[in-house]
Amino acid sequence: TMAQEEQWAWLGLLKWSLAYTDGTADGAPPRMSEEDKAFLQNVMKDGIINEQDRMKTILTEVTETMSKWRQELKVEDGDEHRVIELLQELRDCVEQIDFARSFAAMKG
């Protein structure tokens, strides 16, 4: 569902934020301004790749390319290299346990 997909994006931001917190400040952090909130939401929307959507896109492109190869009984220049790149990107995604679970859940 969309809520679960958004959860993964926020989880990534949380992990990043925790990695860059050094604990030297005392007390609670200051409240974030509305401008900063809007900026952060825009970055989250436009700057973070939804890995599940990306995996679906990769699978679709690879499947369509291989179907074309089967129908035409030939491989066009550059297609083979592109499929290899896509499969390597997919491998990189599923090597991360959270994304591997998403991949399995979408029957990839």
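Residues numbered from 1 in each chain as written. Predicted model: local features only at pLDDT ≥ 70, side-chain atom pairs only at ≥ 80, totals over all residues. Heavy atoms only, no water.

Draft legend 1. Examining the pattern of salt bridges more closely. A complete count under the given rule lists 7 salt bridges for this structure. Glu61 is the partner of Arg82 in a salt bridge, and the nearest nitrogen-oxygen pair spans 3.0 Å. You can see Arg82 sitting in helix 4 (residues 79-94) and its partner Glu61 sitting in helix 3 (residues 51-72), a full 21 residues away along the chain. Its relative accessible area of 33% is what places Arg82 among the partly exposed residues. The class for Glu61 is partly exposed, based on a relative accessible area of 26%. Ionic pairing is found between Lys68 and Glu76, a salt bridge with its closest N-O pair at 3.7 Å. Judged by its relative accessible area of 26%, Lys68 is partly exposed. A cluster of three or more residues bridged by salt bridges with shared partners is formed by Lys68, Glu76 and Asp79. (Salt bridge = Lys/Arg side-chain N within 4 Å of Asp/Glu carboxyl O. Helix = DSSP H or I, 4+ residues; strand = E, 2+ residues; numbered from the N terminus. Buried < 20%, exposed > 50% of the residue type's maximum accessible area, 1.4 Å probe, protein only.)

Draft legend 2. Spatial organisation of the environment of Phe99. Relative to the elements of secondary structure, Phe99 occurs in helix 5 (residues 97-105). Sequence-wise, Phe99 and Met55 are 44 residues apart; in three dimensions their C-alpha atoms are separated by 9.0 Å. Excluding residues that lie within four positions of it along the chain, Phe99 makes contacts with Glu51, Met55 and Cys93. (Contact = heavy atoms within 4.5 Å.)

Draft legend 3. Up close: the packing of helix 3 against helix 5. Packing of helix 3 against helix 5 leaves a shortest axis separation of 10 Å and a crossing angle of 55 degrees. Considered as vectors, helix 3 and helix 5 are oriented oblique to each other. You can see that helix 3 and helix 5 cross each other, and the crossing is right-handed. Contacts between helix 3 and helix 5 involve Glu51, Gln52, Met55 and Leu59 on the former and, on the latter, Phe99, Ser102 and Phe103. (Axes fitted to C-alpha atoms, helices over the stretch in contact; angles between N-to-C directions. Parallel < 35°, antiparallel > 145°, perpendicular 65-115°, else oblique. Left-handed = near helix turned anticlockwise from the far one by under 90°.)

Draft legend 4. Quick peek at helix 3. The end-to-end C-alpha distance of helix 3 is 31 Å, a good match for the 32 Å that 22 residues give at a rise of 1.5 Å each. Those residues of helix 3 that sit buried are Gln52, Met55, Ile58, Val62, Thr65 and Trp69. Angularly, the buried residues of helix 3 cover 160 degrees about the axis, an arc narrow enough to put them on a single face. Exposed residues pointing more than 90 degrees away from the buried face of helix 3 are listed as Glu64 and Gln71. Among the residues trailing helix 3, Leu73 stands out with phi positive, at a value near 55 degrees. (Expected span 1.5 Å × (residues − 1). Arc of directions from axis to C-beta.)

Draft legend 5. The arrangement of the packing of helix 3 against helix 4 in detail. Relative orientation of the contacting elements helix 3 and helix 4 amounts to 150 degrees, with a least axis distance of 10 Å. Accordingly, the angle class assigned to the pair helix 3 and helix 4 is roughly antiparallel. For helix 3 against helix 4, the interelement crossing comes out left-handed. Contacts from Glu51, Arg54, Met55, Ile58, Leu59, Glu61, Val62, Thr65, Lys68 and Trp69 of helix 3 reach helix 4 at Asp79, Glu80, Arg82, Val83, Leu86, Leu87, Glu89, Leu90, Cys93 and Val94.

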